Amino acid sequence: ITFDKDIVPTADSYTWNVDVNRSNSENPVTLSWNNDYYGDNDKKLVLFDPTTLQTVDMRRQNHYNLSQQTSKMRILFGTQDYINESLDTELPLVGSAYPNPAQHRLAVPFRVPLSMERAAVNISVHDSHGKVITTLVNGEYQKGNYEGVWNPEVTPGLYLIQFKFGTNQPQF
């Protein structure tokens, strides 16, 4: 993908829809940008890959590796509220735990969508036999983004994360 000129809207917020066309789908594609100066403002600039459901804060990160399946992307510019509202129905309720594998700290991102005022959330860690090792999150949360954190003090091995949201059945 190559832009040969700057594209700047005059609006306070904007979303660019980008089609990804590859001549050879075997070669990895890395997008990179210079984020030294995006203006002195409180606006956010976020890249969203709907295939992988990943969001990238383009002010903090300067590259993104596209998955082989990515055919569309969006770049969103605006306030945090604009970004949240634009992506509310597309983002998962729970993200991928990171880092994986983990040695000293594991974070599990989750969110309560804007369409809900609050929801019951429970995130627990289980060993390979199904035994609960610890509970990271258990309570009522208002709409927004959160993280459950685990500082493992267990033997290295396979651990499963169970996510319960509202009255839904557990998801591993």
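Along each chain, the written sequence defines residue order, and numbers are assigned to residues from 1. pLDDT decides what is reported in this predicted model: residues at 70 or higher carry local features, side-chain atom pairs at 80 or more are listed and counted, and totals for whole chains, interfaces and linings draw on all residues regardless. The side-chain quantities take in all heavy atoms of the structure and omit both hydrogens and water.

### Digging into the nonpolar core
- Formed by 14 residues in total, the largest nonpolar core has its most connected members in Trp33, Leu47 and Met73.
- Helical segments are the DSSP runs of H or I of at least four residues, strand segments are the runs of E of at least two, and each set is numbered from the N terminus. Contributing elements (two or more residues each) for this core: β1 (14-19), β3 (44-49), β5 (63-66) and β6 (72-78).
- Take this core: its biggest share by element is three residues, from β6.
- For the purposes of this section, nonpolar cores are sets of buried Ala, Val, Leu, Ile, Met, Phe, Trp, Tyr and Cys residues that join through side-chain atoms within 4.5 Å. With a 1.4 Å probe rolled over the protein chains alone, any residue whose accessible area is under 20% of its type maximum counts as buried; one over 50% counts as exposed, and the rest are partly exposed. Core analysis: the second largest hydrophobic core is formed by 13 residues, Val112, Ile123, Val125 and Trp150 among them.

### Considering the pairing of β5
- Side chains of β5 alternate between two faces, with Tyr64 and Leu66 buried and His63 and Asn65 left unburied.
- Pairing of strand β2 (residues 29-32) with β5 involves four bridges; the strand directions are antiparallel. The residue bridging Val29 from the neighbouring strand is Leu66, located in β5. Whether two strands pair comes down to DSSP finding at least two bridges between them.

### Thoughts on the packing of aromatic side chains
- Any pair of Phe, Tyr and Trp rings, taking the six-membered ring for Trp, is counted once the centres come within 6.5 Å. Such a pair is stacked with planes under 30 degrees apart, edge-to-face with planes over 60 apart, and tilted for the rest. Tallying each qualifying case throughout the model produces six aromatic pairs.
- Aromatic side chains Tyr14 and Trp16 sit 5.0 Å apart centroid to centroid with 65 degrees between the ring planes, which places their arrangement in the edge-to-face category.
- By relative accessible area, Tyr14 is classed as partly exposed at 35%.
- Aromatic side chains Phe163 and Phe165 sit 6.1 Å apart centroid to centroid with 20 degrees between the ring planes, which places their arrangement in the stacked category. The pair Phe163 / Phe165 is uniform in exposure class, with both members buried.

### Some details on the sheet that holds strand β11 (residues 159-165)
- In space, the three strands of this open sheet follow the order β9-β8-β11, with antiparallel pairing throughout. Two strands in the sheet have a free side with no partner beyond their single neighbour: β9 (132-142) and β11. Each neighbouring strand pair of the sheet contributes to a mean axis angle of 10 degrees, computed without reference to strand direction. In this analysis an axis means a line fitted to C-alpha atoms, helices contributing only their contacting stretch, and an angle means the value between N-to-C directions, from 0 to 180 degrees.

### Here's the deal with the sheet that holds β6
- Here four strands make up an open sheet; going across it, the order is β1-β6-β3-β4 and the pairing antiparallel. Strand pairing shows two members of the sheet lacking a second neighbour, β1 and β4 (54-57), which therefore form its edges. Going from strand to strand, the sheet's axes swing by 20 degrees on average, the running direction of each strand aside.
- Direction of pairing for β3 relative to β6: antiparallel, over a ladder of five bridges. Considered in β6, the bridge of Leu45 is made with Phe77.

### Topic: the confidence of the model for the protein
- Confidence scores per residue from the predictor, reported as pLDDT, run from 0 to 100. The share of residues in the protein with pLDDT of 70 or more is 90%, and the mean pLDDT across the chain is 84.
- Per-element confidence in the protein is highest for β9, whose mean pLDDT is 95, and lowest for β4, whose mean pLDDT is 86.

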